[in-house]
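For reference, the chains in residue letters:
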Protein chains: 2
Amino acid sequence: MENLIRESQKFKDLHRQTIGYINLNPLQRGGILSDDARKMISEWADGYSVCDFCDGCLDNIKNPPINDFVHEKLPKFLGTETARITNGARESKFIVIHSLCEKGDTVLFDSNAHYSSFVAAERACVNVVTTPETEHPEFKINEDSYAEKIEEIKKETGKPPKLALLTYPDGNYGNLADAKKVGGICREYDVPFLLNGAYSVGRMPINAKELNADFIVGSGHKSMAASGPIGVLGTSEEYEKIVFRKSEKYKIKEVELLGCTSRGLPVITLMASFPHVLERVWRWDEEVAKARWFLDKLSGIPGIKPLGVQPTGHDLNFIETPVFYEISKKHKKRGYFLQKELKAKGIVGIKSGLTKFFKLSMYLLTMEEIKTVADAFFDIYDKYEGLLE
Amino acid sequence: MENLIRESQKFKDLHRQTIGYINLNPLQRGGILSDDARKMISEWADGYSVCDFCDGCLDNIKNPPINDFVHEKLPKFLGTETARITNGARESKFIVIHSLCEKGDTVLFDSNAHYSSFVAAERACVNVVTTPETEHPEFKINEDSYAEKIEEIKKETGKPPKLALLTYPDGNYGNLADAKKVGGICREYDVPFLLNGAYSVGRMPINAKELNADFIVGSGHKSMAASGPIGVLGTSEEYEKIVFRKSEKYKIKEVELLGCTSRGLPVITLMASFPHVLERVWRWDEEVAKARWFLDKLSGIPGIKPLGVQPTGHDLNFIETPVFYEISKKHKKRGYFLQKELKAKGIVGIKSGLTKFFKLSMYLLTMEEIKTVADAFFDIYDKYEGLLE
């Protein structure tokens, strides 16, 4: 015990080494707290803080006004009849799959789906069929392939898939398939349709009903300016009683939520950031314009080009940068040179060791900061251009 | 949208109304952040903060040193071969039940088990058998009843239960059954044994191996001075590969954890508070002495007595207060008078409307504060004693 105490003293002083840098990691950009949320953290950071006045049901707490947020504001925002908070987008997906499916059932995912969708399906012991693999450079999902795959699944298993999922946008290329069309196809076949909006809910306008979706999933820490872990899950009335079914023994507890989910600071920051989130969603076009400006600018470096459907409709983008790969082969830091050079210029968030292609986002950066980032890439190219000869 | 923006402005300014009060709620007392953790919150409160240098596996992150914490310090602390962080104690329990059981299997719980254990079992579609109902005033679990019930289950289903669970202590009376004995019985029958330590891990010395437990579950926000939601789960080597099995498609992702769990501020505060937690566990006897002092003192009010096994071995206690119930019948505030009187004296955390019996905890309060609390109850009794005539 005394050894353990001594060896654990280091945990008392942990610092986030990216503080003060421009962070280009798409999964960090949408989770930065709003000023309003940041003001509240010291008051609500203790353990279970929001449960002081709980009568047994997290989403019914009136002080703080979680009840109003979860049952009034959130469904309006998501375009659903019902909503709940969960421990994250992946947990939301598992809740839906686990509620709708029996072991051995089949679900249909887009082939650009996030790994956590596959793992959620695996945890629920269901089989996943995907739409045809997407191809370089657009990696575009063909909406009609949902109909073809549903037919195939019917032929093979004797029934349609228990659920269809579309990742909107996907987390690699920021592609936004025609969700409404996919939803329409699913409706024709009477297949429940889930929109994974981990990168859209809280960033861009999105409404489940308008897109023919029965379920919508969002991520608080990824895209709603909330402290993690927290997610949201919206459902249509039709599925509310299935997904949020109550315990037989404890009548007010919802089984899939294990009674309650993201208790504490995450729900407070989600609520406190909500007005800011609504305003940024309202100004989404500006963010798309910034992303396009940046990609266009960067295309001025020989060989650099964005992948995914162009012009981009999202802040999350994937770029091919063969010149940096060529430089890395001759640089003594190898694949780490780019990250190191960027850090020296106050920029972080490109995945360690990558030079050939990588994801980035300019979300909510100012134009001045975006110019700093673009200049940094140009400077690095200029500095090492000689190595390419 | 404009309406929604206008109606959501109130979420910008949320205040915790119990700040500055002595909070007697047992589920709040162990979750108050350590000073070290509190210092770190502004640096780590953004979304996914800990994932800046993630290579795909939360518990392998080296910066901040989550890897060392989860794989070295935490198993030592829990007395297990392996440990992980989860979204909470209930999520830890579901992970174990879901990994070990098939639909329709039977598990054995103590009859004082927390509701979330039952809901976790219900979510996994397994049947729960409980030890015989415990009785007033001790509500004591009979350890030998585990053997009897295992025999019964074998007789009825043809096989022993897939899991046995003991709540240590239970969340109503703070009773600490002889876990080692229960674990020994389970071992004899080859039944995996889970200790629910939501109120012990982080408060009192507890070691899974010494208590013959295969699994131990703890709660960061309840008892480890961490910001919620976060829990811990320790397992013996035997069950590690089952519970933390990897995805077939994504080789580094653990299926039951959906790839990763409590990403963000919760894990940072859990780590930052860990030295403080070790030290308070080391001084556990002082907390038990305080609880006993308080219960003994309060017994000076006619009719007030602690329930559960006495003398208490835990800070969580349940007291019967028939005098306050009698007063409430004649008081114009009815059942709310006690809460109101306590609040006027700077004390919160007794469940709203309760006067006949309630839970409370003096955990980590100073003796001066505890005397303030005791005096408050005496003062309220004195003030309304006349109503009893």
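Preceding this section is the structure that the text describes.
Because the structure is predicted, anything quoted here is derived from the model rather than measured.

(A) How the structure looks around helix 12 (residues 274–282) of chain A. Those residues of helix 12 of chain A not exposed but buried are Phe274, Pro275, Val277, Leu278, Arg280 and Val281 of chain A. The inward-facing, buried residues of helix 12 of chain A contact helix 4 (66–78), helix 9 (220–223), helix 11 (265–272) and helix 13 (284–298) of chain A together with helix 1 (2–7) of chain B.

(B) Representation of the side chain of Thr86 of chain A in the model. All names here are of chain A. Its location among the elements puts Thr86 in strand 2 (residues 82–86). Judged by relative accessible area, which is 0%, Thr86 ranks as buried. Within the local environment of Thr86, its side chain forms a polar contact with the side chain of Ser92, the two groups lying 2.8 Å apart. Every residue in contact with Thr86, bar those within four places of it in the chain, is listed here: Ser92, Ile95, Pro229, Ile230, Gly231, Val232, Leu233, Thr261 and Ser262.

(C) Spotlight on the interface of chain A and chain B. Listed by partner, the interface residues are 95 residues for chain A and 95 residues for chain B. At the junction of chain A with chain B, the criterion picks out 16 salt bridges. Among the ionic pairs, Lys103 of chain B bridges to Glu102 of chain A, the shortest N-O distance being 2.9 Å. Summed over the shared surface of chain A and chain B, the number is 52 residue pairs in polar contact (both at pLDDT 80 or more).

(D) The arrangement of helix 4 of chain A in detail. At Glu72 of chain A, helix 4 of chain A shows its maximal kink, close to 25°; a proline, Pro75 of chain A, follows between one and four residues later. Burial in helix 4 of chain A covers these residues: Ile66, Asp68, Phe69, Val70, Lys73, Leu74, Pro75, Phe77 and Leu78 of chain A. In this fold, the buried residues of helix 4 of chain A make contact with strand 2, strand 7 (215–219), strand 8 (231–235), helix 11 and helix 12 of chain A together with helix 1 of chain B. Gly79 of chain A sits one or two residues past helix 4 of chain A and shows a positive phi near 70°.

(E) Main features of the relation of the copies chain A and chain B. Overlaying chain A on chain B yields an RMSD of 0.0 Å, the required transformation being a rotation through 180° with an accompanying axial translation of 0.0 Å. One copy is carried onto the other by what is essentially a two-fold rotation axis. Interface overlap between copies is the fraction of interface residues in one copy that are interface residues in the other; for chain A against chain B it reaches 100%, indicating a shared surface.

(F) Structural view of the pattern of salt bridges. Inspection of every chain in the model, using the stated rule, returns 51 salt bridges over all chains. With a shortest N-O distance of 3.5 Å, Glu91 of chain B and Arg263 of chain A are connected by a salt bridge. Residue Glu91 of chain B is located in helix 5 (residues 89–100), and its partner Arg263 of chain A is located in the loop between helix 10 (237–243) and helix 11; the two belong to separate chains. By relative accessible area, Glu91 of chain B is classed as buried at 10%. With relative accessibility at 0%, the residue Arg263 of chain A sits in the buried group. As a salt-bridge pair, Lys246 of chain B and Glu254 of chain B come within 3.3 Å of each other at their nearest N and O atoms. Judged by its relative accessible area of 4%, Glu254 of chain B is buried.

(G) Representation of the pairing of strand 2 of chain A in the model. All names here are of chain A. For strand 2, the tally of buried residues reaches 5 of 5 residues, placing the bulk of the element in the interior. In this structure, strand 2 lies alongside strand 8, joined through 5 bridges in antiparallel fashion. In the strand pairing of strand 8, Ile85 is matched with Val232.

Scoring rules and cut-offs
- Residues numbered from 1 in each chain as written.
- Chains lettered and ligands numbered in written order.
- Predicted model: local features only at pLDDT ≥ 70, side-chain atom pairs only at ≥ 80, totals over all residues.
- Heavy atoms only, no water.
- Buried < 20%, exposed > 50% of the residue type's maximum accessible area, 1.4 Å probe, protein only.
- Helix = DSSP H or I, 4+ residues; strand = E, 2+ residues; numbered from the N terminus.
- Contact = heavy atoms within 4.5 Å.
- Polar contact = N/O pair within 3.5 Å; in protein donor to acceptor, adjacent residues only side chain to side chain.
- Salt bridge = Lys/Arg side-chain N within 4 Å of Asp/Glu carboxyl O.
- Bend = angle between axes of the 7 residues up to and from the residue.
- Least-squares fit on C-alpha atoms with pLDDT ≥ 70 in both.
- Pairing = 2+ DSSP bridges.

Structural measurements only, silent on function.
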